[in-house]
Amino acid sequence: RAKEMGRDHYAFFTERMGSDIRARLAMQQQLRGAICRDEFAVHYQPQMCLRTGALLGAEALLRWENPVLGKVSPGLFIALAEEYGLITAIGEWVLESVCAQIRAWHDAGLGSIKVAVNLSGKQFAQDRTVPFVEAVLRKYGIAPACLGIEITESTVMGDPDKAVAALTRLKDIGVGISLDDFGTGYSSLGYLKRFPIDVLKIDKSFVDDVTTSSSDAAIARSVISLAHNLDMRVIAEGVETREQVDFLTEHGCDEMQGYYFSRPLAAAPFTALLRERRSLAVA
Ligand code: C2E
Ligand code: MG
Ligand code: MG
Ligand code: MG
């Protein structure tokens, strides 16, 4: 009887495992052709100045919609792309799309907007990534100050010396560098000293309860003063409520990004937002 149950259990387990593996295989197969079939799009989430309310820039967030799988979250497909060696091609597609879009906004007279692109650790570890960034900026004639990159602590953990060299080269040409999800990884304050970081992004997990949890409030305040003491700016991520905005403003946070102001937008609605901003400035 026990053996029977054991066998049933085993059968159930392998069946589930099988279907998971099939799902991963299907996703991997679809992912391989996704660039050619033009299934990716970059969305843009506004980053706002907390003091003036001005739109300062955007974070580029990749979206994938596939005819078989539907919309797949980046949390799933980015990890898979890293695992299957597809992240460099996908990451380069993102950088190129963003630079083409910045060029288009510039040509439409919508000013120069700063866009931050997420770089994965696997992509970052490749010697070709920094030269690719330089080449794509040149190709679209974009001032490096219009581009930022977002890294996380784990992005640079694999080979910190190499990361310092690559980031220093990007910073030297004028590309901004943000440390994403700050406080959630294997944070080492030493990184803040070694890496040429311009912006610390306070992770959403600390912002969520910043008005109700005294420890999250203390963490947020400390990150803000730490960043300012190191001459860095601070962006709060995942801001959803008026109360969070008030708290962050009161404690000197520089910028915010979150559903309170806007979800990530496709290029067309983001362009409309830039037009509004321009007409407000003219009025
Ligand atoms: P991230 O870089 O930390 O991006 C912030 C995530 O928080 C985004 O999720 C964004 O849509 C979400 N978010 C922003 N404001 C709010 C809010 O107020 N409430 C809530 N609940 N969520 C908010 P998304 O777009 O699903 O991206 C998830 C992660 O996938 C990103 O985290 C980033 O690590 C990665 N990712 C996205 N695009 C790319 C890319 O082009 N390349 C690489 N390497 N990674 C990317
Ligand atoms: Mg990010
Ligand atoms: Mg983040
Ligand atoms: Mg994140």
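Report follows, based on the coordinates. Treat the numbers as computed from the prediction; the structure is a model and nothing was measured.

Definitions and cut-offs
Per chain, residues are indexed from 1 in the order of the written sequence. Written order decides the labels, with chains lettered from A and ligands numbered from 1. In keeping with the model being predicted, local features are shown solely for residues with a pLDDT of at least 70 and side-chain atom pairs are shown and tallied solely at 80 or more, while totals for entire chains, interfaces and linings include all residues. As a convention, hydrogens and water are excluded, and side-chain values are obtained from all of the structure's heavy atoms. Any N, O or S atom lying within 2.8 Å of the metal counts as a donor, and for Na, K and Ca the limit rises to 3.2 Å; water is left out, so some sites can look incomplete. Numbering of helices and strands runs from the N terminus, with a helix taken as a DSSP run of H or I at least four residues long and a strand as a DSSP run of E at least two residues long. Burial status follows relative accessibility: with a 1.4 Å probe on protein chains alone, a residue under 20% of its type maximum counts as buried, one over 50% as exposed, and anything between as partly exposed. Throughout, near means a residue has at least one heavy atom within 4 Å of the molecule or strand. For this analysis, a polar contact is any N or O atom pair within 3.5 Å, provided that within protein one partner can donate a hydrogen and the other can accept it, and provided that sequence-adjacent residues contribute only side-chain to side-chain pairs. Note on areas: Shrake-Rupley with a 1.4 Å probe; residue coverage comes only from the protein chains shown. Strands are treated as partners if at least two bridges between them are detected by DSSP. With the strands pointing away from the viewer, any crossover whose connection runs clockwise from the first strand over the helix to the second is right-handed. Residue count minus one, scaled by 1.5 Å, sets the expected span of a helix. The directions from the helix axis to the C-beta atoms form the arc being described. Residue contacts follow a heavy-atom distance rule, with two residues in contact if any of their heavy atoms lie within 4.5 Å. Here an axis means a line fitted to C-alpha atoms, over the contact stretch when the element is a helix, while the angle between two N-to-C directions is reported on a 0 to 180 degree scale. Roughly parallel means an angle under 35 degrees; roughly antiparallel means over 145; roughly perpendicular covers 65 to 115; every other angle is labelled oblique. For any pair of crossing helices, the crossing counts as left-handed if the nearer helix is rotated counterclockwise from the farther one by less than a right angle, and right-handed if it is rotated clockwise. Lys, Arg, Asp and Glu make up the charged group, whereas Ala, Val, Leu, Ile, Met, Phe, Trp, Tyr, Cys and Pro make up the nonpolar group; the residues left over, Gly among them, are polar.

Within the protein, Glu59 (OE), Asn118 (OD1), Glu150 (OE) and Asp180 (OD) serve as the donor atoms for the magnesium ion (ligand 2), at 2.0 to 2.2 Å. Coordination of the magnesium ion (ligand 2) draws on donor residues from a single chain, spaced E-x58-N-x31-E-x29-D in sequence. Between the magnesium ion (ligand 2) and the magnesium ion (ligand 3) the interatomic distance comes to 4.1 Å, and aspartate 180 is a ligand of both metals. Placement of glutamate 150 in strand S5 (residues 147-151) and of aspartate 180 in strand S6 (residues 176-182) is noted, with a sequence separation of 30 residues between them. Neither residue differs from the other here; glutamate 150 and aspartate 180 are each classed as buried.

Okay, the site of ligand 1 next. Every one of the 22 residues lining ligand 1 counts as a neighbour, but Arg63, Asn118, Asp180, Glu240 and Tyr259 are closest to it. With respect to ligand 1, the side chain of asparagine 118 contributes an N or O atom lying 2.9 Å from an oxygen atom. A distance of 2.8 Å separates an oxygen atom of ligand 1 from a polar side-chain atom of aspartate 180. If ligand 1 stood free it would expose 810 Å²; the protein chains cover 79% of that surface. Secondary structure elements with two or more residues in the shell around ligand 1: strand S2 (55-66), helix H2 (74-83) and S6.

Looking now at the pairing of strand S8 (residues 233-237). Across the five residues that make up S8, a large majority, four, are buried. Bridging between strand S7 (residues 199-202) and S8 involves four bridges; their strand directions are parallel. Bridging from a neighbouring strand, isoleucine 202 pairs with alanine 236 of S8. Handedness of the S8-helix H11 (residues 242-250)-strand S9 (residues 255-257) crossover: right-handed.

In this model helix H10 (residues 214-229) runs 22 Å from its N-terminal to its C-terminal C-alpha over 16 residues, within 8% of the 22 Å that 1.5 Å per residue would give. Of the positions making up H10, those classed as buried are Asp216, Ala217, Ala220, Val223, Ile224 and Ala227. Looking down the long axis of H10, one finds its buried residues gathered within 130° of arc, a one-sided arrangement. Facing away from the buried side of H10 by more than 90 degrees, the exposed set consists of Ser214 and Asn229. Contacts made by the buried residues of H10 are with S6, S7, helix H9 (204-207), S8 and H11.

Okay, the packing of helix H3 (residues 87-107) against helix H5 (residues 129-140) next. Packed helices, taken two at a time, are described by the angle between their axes plus the distance between the axes. Across the interface, H3 lies against H5 with an axial gap of 9 Å and an inter-helix angle of 25°. Classed by the angle they form, the pair H3 and H5 counts as roughly parallel. Every pair of crossing elements has a handedness; the one defined by H3 and H5 is right-handed. Facing H3, whose interface residues are Glu92, Leu95, Glu96, Cys99, Ala100 and Arg103, H5 presents Phe132, Val133, Val136, Leu137, Lys139 and Tyr140. Across the contact of H3 with H5, the residue classes break down as eight nonpolar, no polar and four charged.

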